[in-house]
Amino acid sequence: MGPHPAVAAIRLAVRRALHDVLSEQAVVSESAGDTRSPGEPPLVLVACSGGADSMALASALAFEAPRLGLRAGGVTIDHGLQPGSADRAQEVAERLTSLRLHPVESIAITIGRTNTGPEAAARTARYEALDDMAERHGAKAVLLGHTRDDQAETVLLGLARGSGTRSLSGMAEVTGPADRYRRPFLAIDRQTTRKACLAQSLPVWDDPHNDDPAYTRSRVRHEALPMLEKALGKGVIEALARTARLSRDDADALDAWALQAERSVRTDQPGTDGWDGVELDTARLYALPSAVRRRVLRRAAVAAGAPSGSLFARHLEEVDRLITAWRGQRAINLPGRVEAARQGGRLVIRHGSQTPPTPTG
């Protein structure tokens, strides 16, 4: 008799992700002309909090990796936000070791104060720690346990912020430097991962922060989504996840268009000594479709120093009015002490401490 259906589902998802890693590694080796005999098998890590999603992911990786000729390791992050967090992190590390994952590390991080809130600060510190371990051990990929439910929550949060198509596209299956981060479970619901843990008698830890209404995502999970399902019927989570997939295709196409358009509207010379701002031709910007133009403006603001996570649709709408509804208005202040101002036929986006270079020609 085969494994429990939930166990089979998570193993299949992980197997597909590992096949992708192997295929990409083969392409890289072939393009580099590497004809040497293979050395140590590639390493894939799993990021594990001890919850049902990441424990199910760890168990599936431990099962599938050896069968595909891969090494499998694990990492758990101690955020230090709760009493006894170090002991819990050590317990998770021991569970990963018991699954015969190696190497396994428990990494303590310090979460600094930021303007983006505690959730964003914790996420930034967590990924920095994951990047560090992956680089130290030469890992080809780090698996993350985000599920279809997490994707639905992300889409709903993006919708509430009004941040455009990119926010509605949710989390990508592959992200990070050198496509490091993989999310095999984006098509699998949270209930399936919990069933897989029960079927394998895997102990799980439920983070109390996931039920704390002080956190926005917790309120979405326990209040907003259940209310939507009650009002609209079952299938809301699946529909939101499907919206993410469709929106990502659209956003990718528009981003590619914006990248090409940026080259034609930018009038400054990137890399000019002492100048990290951006100058854009207002007439050429005006001629672009608004969806493309606002992407160009967002790229310019980020290049000038505006934090990407703090730059919302309302900011870009105000900057866009400097192009489409110009009536002599003053400069627009953006997050990160960045400002956007119209100067003649140019839109200048710069850090508040900088002075634009004198135009030439």
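Chains are numbered independently. Their residues run from 1 in the order of the written sequence. At least 70 in pLDDT is required for a residue's local features to be given in this predicted model, at least 80 for side-chain atom pairs to be given and counted, and no such filter applies to totals for whole chains, interfaces and linings, which use all residues. As a convention, hydrogens and water are excluded, and side-chain values are obtained from all of the structure's heavy atoms.

Colleague: For this particular structure, what's the right way to read the overall build of the protein chain?
Modeller: If you tally the helices and strands in the protein chain, you get 12 helices and 10 strands. Summarising its shape, the C-alpha atoms of the protein chain cover approximately 75 × 60 × 40 Å along the three principal directions. Burial status across the protein chain gives 43% buried among its 361 residues. A separation of at least 24 residues holds for 68% of the contacts in the protein chain among residues at least 6 apart in sequence. Accessible surface area values rest on a Shrake-Rupley calculation with a 1.4 Å probe, where residue burial reflects the displayed protein chains alone. Total accessible area computed for the protein chain in this model is approximately 19,200 Å², and 51% of it derives from carbon and sulfur atoms. Charged-residue counts in this description rest on Lys and Arg as positive and Asp and Glu as negative, His and the chain ends being excluded. Charge coordinates come from a single atom per side chain, which is NZ of Lys, CZ of Arg, CG of Asp or CD of Glu. Placing the 47 positive and 44 negative side-chain charges of the protein chain at their respective mean positions leaves the two points 4 Å apart. Starting at the N terminus, helices and strands are each numbered in turn, a helix being any DSSP run of H or I of at least four residues and a strand any DSSP run of E of at least two. For every residue, the accessible area (1.4 Å probe, protein chains only) is compared with the maximum for its type, and the residue is labelled buried under 20%, exposed over 50%, or partly exposed between those bounds. Should any heavy atoms of two residues lie within 4.5 Å, those residues are considered in contact.

Colleague: Teacher, can you tell me more about the nonpolar core here?
Modeller: Within soluble globular proteins, side chains that are nonpolar tend to cluster in buried spots. In this structure, Ile 10, Val 14, Leu 18, Val 44, Leu 61, Leu 101 and Phe 185 are the most contacted members of the largest nonpolar core, which totals 31 residues. For this core, the elements supplying multiple residues, two or more each, are α1 (5–31), β1 (43–47), α2 (52–67), α3 (85–98), β4 (141–143) and α7 (190–199). Per-element tally for this core: the top contributor is α2, with 9 residues. In contact with Leu 101, not counting residues within four places along its chain, are Val 46, Ala 58, Ala 62, Ala 72, Gly 73, Gly 74 and Leu 96. What we call a nonpolar core is a set of buried Ala, Val, Leu, Ile, Met, Phe, Trp, Tyr and Cys residues that are connected through their side-chain atoms within 4.5 Å.

Colleague: Which parts of the structure should I look at to understand the packing of helix α9 (residues 236–265) against helix α11 (residues 290–303)?
Modeller: Packed helix pairs are specified by the crossing angle of their axes together with the interaxial distance, meaning the distance between the axes. For the pair α9 and α11, interaxial distance at closest approach is 8 Å and the crossing angle is 70°. As judged from the angle between their axes, α9 and α11 are roughly perpendicular. Once α9 is placed against α11, the crossing between them reads as right-handed. Touching Ala 251, Leu 254, Asp 255, Trp 257, Ala 258, Leu 259, Ala 261, Glu 262 and Val 265 of α9 are Ala 291, Val 292, Arg 295, Val 296 and Arg 299, all from α11. Note on method: axes are straight lines fitted to C-alpha atoms, helices fitted across the in-contact stretch only, with angles between N-to-C directions ranging 0 to 180 degrees. Here the word oblique covers every angle except those under 35 degrees (roughly parallel), over 145 (roughly antiparallel) and from 65 to 115 (roughly perpendicular). Crossings are sorted by hand: turned counterclockwise from the far helix by less than a right angle, the near helix makes the crossing left-handed, and turned clockwise it makes it right-handed.

Colleague: I'm lost on the sheet that holds β1 in this one. Help?
Modeller: Strand pairing in a sheet relies on backbone hydrogen bonds. The paired strands run either parallel or antiparallel. Taken together, 6 strands build an open sheet; the order of strands is β3-β2-β1-β4-β6-β5 and the sheet is mixed. Of all strands in the sheet, those with a lone pairing partner are β3 (104–108) and β5 (174–175), marking the two edges. Strand pairing requires that DSSP identify at least two bridges connecting the strands. Relative to β4, β1 runs parallel, the two being bridged by 3 bridges. Looking at β4, one finds that Val 46 is bridged to Leu 143.

Colleague: How do you make sense of the packing of aromatic side chains when you look at a structure like this?
Modeller: Any two rings among Phe, Tyr and Trp, with Trp reduced to its six-membered ring, count as a pair given centres within 6.5 Å; such a pair is stacked if its planes are under 30 degrees apart, edge-to-face if over 60, and tilted if neither. This structure, assessed with the given rule, holds 1 aromatic pair. On the numbers, 5.0 Å between centres and 90° between planes, the contact of Tyr 127 with Tyr 181 is edge-to-face. Of the two residues, Tyr 127 is situated in helix α4 (residues 118–137) and Tyr 181 in strand β6 (residues 181–182); the sequence distance between them amounts to 54 residues. Across the pair, exposure class does not vary: Tyr 127 and Tyr 181 are buried alike. Whether a charge sits over a ring depends on NZ of Lys or CZ of Arg being within 6 Å of the ring centre and within 35 degrees of the ring normal. Directly above the aromatic system of Phe 63 lies the positively charged group of Arg 11, at a separation of 3.5 Å from the ring centroid. Its guanidinium or amino end placed over the ring of Phe 63, Arg 67 lies 3.6 Å from that ring's centre, counting from NZ or CZ.

Colleague: Can you walk me through the pattern of salt bridges in this structure?
Modeller: We define a salt bridge as a contact between a side-chain nitrogen of Lys or Arg and a carboxyl oxygen of Asp or Glu at a distance within 4 Å. Taken as a whole and assessed by the stated rule, the structure comprises 25 salt bridges. One salt bridge in this structure joins Glu 105 and Arg 136, with 2.8 Å as the shortest N-O distance. One end of the pair, Glu 105, is in strand β3; the other, Arg 136, is in helix α4, and 31 residues separate them in sequence. Overall, Arg 136 belongs to the partly exposed group, its relative accessible area being 45%. With its nearest N and O atoms 2.8 Å apart, the salt bridge here joins Glu 339 to Arg 350. Of this pair, Glu 339 sits in strand β9 (residues 338–343) while Arg 350 sits in strand β10 (residues 346–351), and the two are 11 residues apart along the sequence. Classification of Arg 350 by relative accessible area gives buried; the value is 15%. Through salt bridges with shared partners, a single ionic network connects Asp 53, Asp 150, Glu 153, Arg 190, Arg 217 and Arg 221.

Colleague: Help me understand the state of the cysteines, please; the structure alone is not making it clear to me.
Modeller: Here a disulfide denotes a covalent bond joining the sulfur atom of one cysteine to the sulfur atom of another. The definition used for a disulfide is geometric: two cysteine sulfur atoms within 2.5 Å. Within this structure, the stated rule accounts for 0 disulfides. Between Cys 48, a cysteine without a disulfide, and Cys 197, which holds the nearest cysteine sulfur, the sulfur-to-sulfur distance is 8.8 Å.

Colleague: Please explain the side chain of Ser 247 as it appears in this structure.
Modeller: The topology assignment puts Ser 247 in helix α9. The exposure class assigned to Ser 247 is buried, which follows from its relative accessible area of 10%. If near-sequence neighbours (up to four positions away) are discounted, Ser 247 is found in contact with Thr 165, Leu 168 and Ser 169.

Colleague: In this structure, what is going on with α7? I would like to understand it.
Modeller: Looking only at α7, the buried set comprises Thr 192, Thr 193, Ala 196 and Cys 197. Mapping the buried residues of α7 onto a view down its axis gives an arc of 140°, with all of them on the same face. Away from its buried face, by an angle of more than 90 degrees, α7 presents the exposed residues Gln 191 and Leu 198. Ser 201, located one to two residues past α7, shows a positive phi value of around 55°. Taking the helix axis as origin, the arc is that swept by the directions to the C-beta atoms.

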